[in-house]
Amino acid sequence: YTCNDGCFCCVCTDGNECTKASAQSCGECIQAGEKCGWCTDKDFLKQGEQKSTRCDEVEALIKKGCSEASIENPRGTVSVNKNQSLTDRTKDGVKLKPDQITQIQPQKLTLDLRSGEAQTFHLTFKRAEDYPIDLYYLMDLSYSMKDDLENVKNLGTDLMLEMQKITSDFRIGFGSFVEKTVMPYISTTPAKLLNPCTSDQNCTSPFSYKNVLSLTADGFQFNNLVSKQQISGNLDSPEGGFDAIMQVAVCANQIGWRNVTRLLVFSTDAGFHFAGDGKLGGIVLPNDGKCHLQDNMYTMSHYYDYPSIAHLVQKLSENNIQTIFAVTEEFQPVYQELKNLIPKSAVGTLSSDSGNVIKLIIDAYNSLSSEIILENSRLPEGVSISYISHCKNGVSEKGENGRKCSNISIGDQVTFEVAITAKGCPSNGKSETIKIKPLGFTEEVEIVLNFICECECHKGGIANSPVCHFGNGTLECGACRCNEGRIGRVCECSKDEVRTEDLDANCRMDNGTDICSNNGDCVCGTCECKKRDNPEERYSGKFCECDNFNCDRSNNKLCGGHGRCECRKCTCDANYTGSACDCSLDTSTCLASNKQICNGRGTCECGVCKCTDSKFQGPTCEICPTCPGVCTEHKIFDSGQKQHSVVKYIFFYIYIVTVIETLVLTAANTRNIIATGENPIYKSAVTTVVNPKYEGK
């Protein structure tokens, strides 16, 4: 085809996926690819053609003689089941509850998926104004965080004042962690279990994780409870913060999470233990990802290992929690790498005494809320999904960047184009449900996937039909779908009988030695012809003795481009004849100016005149060079003019000869001057030429 720049281009493909599938039923055919159709016409197959010949690209089937009405080619669809409009927090002067706010549209769809055919729909997202926020502050209470605890004691009321600029519905909670209460993470001597710090320091007993305050709108209660907290201690540098994060994520009822924006602030000045480190303390059971809080204390730290990073990512995503890592500058690189593994997370630099924690939280929240990232649940096998984002200022992205939009302010509306494709028929045709949601938000889009695994004509199939060799198959969509263990065009043979010598004899033409003319296989005593790489080329006939590609050619075209090849002979179109259909029966090209065929002097053969009178020639036999009157017809002068012209020609000849001789003498003179060095102009007026060749001339 012609490209935009005028060049000629071609598209490379892997061949015809429809014919490669060797489909034995309409259902198998439509699963081979989106372009595949199945011809249900019972008389469609020619002698020697396999059932799979019914499956081909729709255009190819039409060319082979199948009417469009007889072609099964179901298409997929998209249906919207729930489509509530986007809303803000306040509607008609009434403040909506969190579960009444709509930020993504539509909310539910049903997709009918045909194999290989993508179904596309659009999702629209809009950040609602005054959206509620829950914030849980999870703090490291190891001894090195002593100064930080003092500054966090007034965090509740101060943060409330700042967050009121963003939302009128804000709640805050508090939790703390230290480490697993086993060696070698803490000292297990009785004295150190009571007070892990030095004797002059009053520290509380070590613990893994404690939920100090569930989420509340009372900032003063936060200050009151946090001010009563005491620092603790442990032996090694990394802390058990991952145990605490897991419990905060999965214990929704104890923490008090609502279906609103959920923020987890993780404050520490140290690194972290993760999956595998529990072996140091003899703990080998993987973390189970379940809630184990009793009286607000994590009770299974000695039983389950630390969670892995991937496990945390899963649980934080499932529970729509956005994490803010407030860590000291020393551990910034470590937590930056962790942030890259946890979607919708941020890292802020905590001052040595946590004095900047409120600004850190506000900045991190603004950063997180300005980015929308779509995430989908696990897809069924064979199903793929792709995204194209249409963000602010006309910016569009594909691939992984197609999942997200950045710099989104409150009230901004963005759109995502989502395409879902199925390959084959996953889940044995059962419906599947997937969900798409913006990370960090509780709202989600539910998508029901139905898979088109059979053709419509499948419903009208006749089981155990007598057409299928005494009921050995189901007659559906114009062909027999054989029962288990049966094969053949009409299920006439069992698999055990295939390729026996008695049956092979029925596949030899004229008692020859070649089975199916070496162009097919003998199946149940019937030839099934081989397929060619080019789907337009095919063998046919009872013994596969025919083909449609070995006919005579003209101008490098099969049958001259004016016919079709049938059993190695050209069947010409109207007005064409010949072995290669290269002889036109049209006589319009043979008409002479007198409207006679070849001027009445020849015959018109294949659109070209063959002159029968030897005196005549030309494309229409109208030219006769020797016919009487030709000179008169083409004369230029009369007789008087001819005599006058002869005299003129004689004088012109004499003049030309004289000029030539003069030029020759001049050349000889010049040569003499060069040889003697003398110029005859300064000698006598008459000079004899030395060269004897010209003497007397």
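Residues numbered from 1 in each chain as written. Predicted model: local features only at pLDDT ≥ 70, side-chain atom pairs only at ≥ 80, totals over all residues. Heavy atoms only, no water.

The name given to the protein chain in an unreviewed UniProt entry is Integrin beta, with the source organism recorded as Sinocyclocheilus rhinocerous. Regarding the protein chain, the relevant UniProt record gives this comment under Subcellular location (unreviewed entry): "Cell membrane". (UniProt positions renumbered as here; feature names shortened; annotations may be inferred.)

Visitor: Sorry if this is basic, but what is going on with the overall build of the protein chain here?
Guide: Along its length, the protein chain carries 15 helices and 40 strands. Within the span of the protein chain, comprising 697 residues, buried residues form 45% of the whole. Put simply, of all contacts in the protein chain between residues at least 6 apart along the chain, 61% involve residues at least 24 apart. Of the accessible surface of the protein chain, which amounts to about 37,100 Å², a share of 50% is contributed by carbon and sulfur atoms. (Helix = DSSP H or I, 4+ residues; strand = E, 2+ residues; numbered from the N terminus. Buried < 20%, exposed > 50% of the residue type's maximum accessible area, 1.4 Å probe, protein only. Contact = heavy atoms within 4.5 Å. Areas by Shrake-Rupley, 256 points an atom, 1.4 Å probe, with all protein chains shown as cover.)

Visitor: I'm lost on the packing of aromatic side chains in this one. Help?
Guide: Two numbers describe a pair of aromatic rings. These are the distance of the centres and the angle of the planes. Counted by the stated rule, this structure contains 14 aromatic pairs. Seen in terms of ring centroids, phenylalanine 325 and tyrosine 335 are 5.5 Å apart; in terms of plane orientation they differ by 40°. Their pairing is tilted. Here phenylalanine 325 is found in strand S16 (residues 321–327), whereas its partner tyrosine 335 is found in helix H11 (residues 332–341), with ten residues between them in sequence. Here tyrosine 335 falls in the buried class, since its relative accessible area comes to 0%. Taking the centre distance of 5.4 Å and the plane angle of 75° together, the rings of tyrosine 539 and phenylalanine 549 count as edge-to-face. Within this pair, whereas tyrosine 539 is found in strand S31 (residues 539–540), its partner phenylalanine 549 is found in the loop between strand S32 (546–547) and strand S33 (553–554), the two being separated by ten residues in sequence. Classification of tyrosine 539 as buried rests on a relative accessible area of 13%. Classification of phenylalanine 549 as buried rests on a relative accessible area of 11%. Note that lysine 180 overlies the ring of tyrosine 306, its terminal NZ or CZ placed 4.5 Å from the centroid. The side chain of arginine 532 reaches across the aromatic face of phenylalanine 549, ending 4.1 Å from its centre. (Phe/Tyr/Trp six-rings, centres within 6.5 Å; stacked < 30°, edge-to-face > 60°. Lys NZ or Arg CZ within 6 Å of the ring centre and 35° of its normal.)

Visitor: Any chance you could explain the sheet that holds strand S7 (residues 104–105) here in plain terms?
Guide: Sheet strands pair via backbone hydrogen bonds, and the direction of the pair is either parallel or antiparallel. Spatially, five strands are ordered S7-S9-S22-S19-S20 in an open sheet, and the strand pairing comes out antiparallel. Edge positions in the open sheet fall to S7 and strand S20 (396–397), since each of these has one partner strand only. (Pairing = 2+ DSSP bridges.)

Visitor: Explain unusual backbone geometry here, please?
Guide: With the exception of glycine, most residues fall at negative phi, and the peptide bonds are largely trans. Cis peptide bonds are those with omega within 30 degrees of zero, and the linkage from glutamine 105 to proline 106 qualifies with -5°. Looking at the secondary structure, you find proline 106 in the loop between S7 and strand S8 (108–113). Between methionine 183 and the following residue, proline 184, the backbone shows a cis peptide bond with an omega angle of 5°. Following the sequence through the fold, proline 184 ends up in the loop between strand S11 (170–177) and helix H6 (190–194). A positive phi angle, near 55°, is found at cysteine 477, a position not held by glycine. Within the secondary structure layout, cysteine 477 lies in the loop between strand S25 (473–476) and strand S26 (479–482). At cysteine 621, a residue that is not glycine, the phi angle is positive and equals roughly 60°.

Visitor: So what exactly am I meant to see when it comes to the sheet that holds strand S2 (residues 55–57) here?
Guide: Spatially, S2-S1-S3 is the arrangement adopted by the three strands of the open sheet, whose pairing is antiparallel. In this open sheet, the two edge strands, each paired with only one partner strand, are S2 and strand S3 (71–72). Here strand S1 (residues 36–39) pairs with S2 via three bridges, running antiparallel. Counted as the bridge partner of cysteine 36 is glutamate 57 from S2.

Visitor: Teacher, can you tell me more about the pairing of strand S29 (residues 520–523) here?
Guide: Each regular strand carries side chains that alternate between the two faces of the sheet. Both S29 and strand S30 (residues 526–529) contribute to a ladder of four bridges, which runs antiparallel. The partner of aspartate 521 across the bridge, within S30, is glutamate 528.

Visitor: Explanation requested: the side chain of arginine 127 in the structure shown.
Guide: Locating arginine 127 in the fold gives a position in the loop between strand S9 (119–126) and strand S10 (133–140). With no salt bridge to any partner, buried arginine 127 finds its closest opposite charge in aspartate 412, at an N-O distance of 7.1 Å. (Lys, Arg positive; Asp, Glu negative; His and termini not counted. Salt bridge = Lys/Arg side-chain N within 4 Å of Asp/Glu carboxyl O.)

Visitor: Is there a simple way to think about a nonpolar patch on the surface in this case?
Guide: A cluster of nonpolar side chains, Phe652, Tyr655, Ile656, Val659, Ile660 and Leu663, forms an exposed patch at the surface whose accessible area comes to about 600 Å². Tracing the chain through its elements places valine 659 in helix H15 (residues 639–676). Accessibility expressed as a relative area gives 34% for valine 659, which makes it partly exposed. (Patch = residues over 30% accessible without salt bridge, like charges linked within 9 Å, V, L, I, M, F, W, Y side chains within 5 Å.)

Visitor: Whenever I open this one, the layout of surface pockets confuses me. Can you help?
Guide: The gaps of empty space that remain are located by a probe, the size of a water molecule, rolled over the atoms. Estimated volume of the largest pocket: approximately 560 Å³. Of all the elements in the fold, those that place two or more residues in the lining of the largest pocket are helix H3 (58–63), S32 and strand S35 (563–566). When grouped by side-chain class, the residues that make up the lining of the largest pocket number seven nonpolar, four polar and twelve charged. Domain assignment of the residues forming the lining of the largest pocket places at least three in each of domain 1 (11–74) and domain 5 (553–584). (1 Å grid on protein atoms, 1.4 Å probe; cavity = no way out; pocket = protein on both sides within 12 Å on 5 of 7 lines; lining within 4 Å. Points joined across faces, edges and corners; volume = space filled by probe spheres on them. Nonpolar A, V, L, I, M, F, W, Y, C, P; charged D, E, K, R; others polar. Domains from an automatic or database assignment.)

Visitor: Help me out: how do you make sense of helix H8 (residues 241–250) in this one?
Guide: Note that an α-helix has 3.6 residues per turn; residues three or four places apart therefore point the same way. Burial analysis of H8 places ten of its ten residues in the buried class, which makes it a mostly covered element. Here H8 has its buried residues at Gly241, Phe242, Asp243, Ala244, Ile245, Met246, Gln247, Val248, Ala249 and Val250.

Visitor: Explain the nonpolar core to me, please; I cannot follow it from the model alone.
Guide: Note on soluble globular proteins: their nonpolar side chains tend to be buried together. Leu135, Tyr137, Met139, Leu155, Leu159, Phe170 and Phe174 are the most contacted members of the largest nonpolar core, which has 38 residues in total. Among the elements that make up this core, the one with the highest residue count is helix H12 (residues 357–369) (eight residues). Filtering out sequence-adjacent residues up to four positions away, phenylalanine 170 remains in contact with Ile133, Leu135, Leu159, Met160, Met163, Thr216 and Ala217. Phe242, Val248, Trp257 and Phe266 belong to the second-largest nonpolar core, a separate cluster that totals 32 residues. (Core = buried A, V, L, I, M, F, W, Y, C linked by side-chain atoms within 4.5 Å.)

Visitor: Mind showing me how you'd approach the environment of serine 389 here?
Guide: You can see serine 389 is positioned in strand S19 (residues 383–390). In this structure serine 389 comes out as buried when scored by relative accessible area, which is 0%. Placed 16 residues apart in sequence, serine 389 and isoleucine 373 show a C-alpha to C-alpha distance of 9.9 Å. Once residues lying within four places of it in the same chain are set aside, the contact partners of serine 389 are Val395, Ser396, Glu397, Asn401, Gly402, Lys404, Cys405, Thr415 and Phe416.

Visitor: Looking at this model, I keep getting lost on the pattern of salt bridges. Mind explaining?
Guide: Opposite charge on two side chains lets them pair, provided their charged atoms get close. Evaluation of the coordinates by the stated rule reveals 23 salt bridges. One salt bridge connects arginine 481 with glutamate 454, and the closest N-O pair in it is separated by 3.3 Å. Placement of the pair is arginine 481 in strand S26 and glutamate 454 in the loop between strand S24 (445–451) and S25, with a sequence separation of 27 residues. Of the charged contacts, one joins glutamate 456 and lysine 459 as a salt bridge, the two residues approaching to 3.3 Å between their closest N and O atoms.

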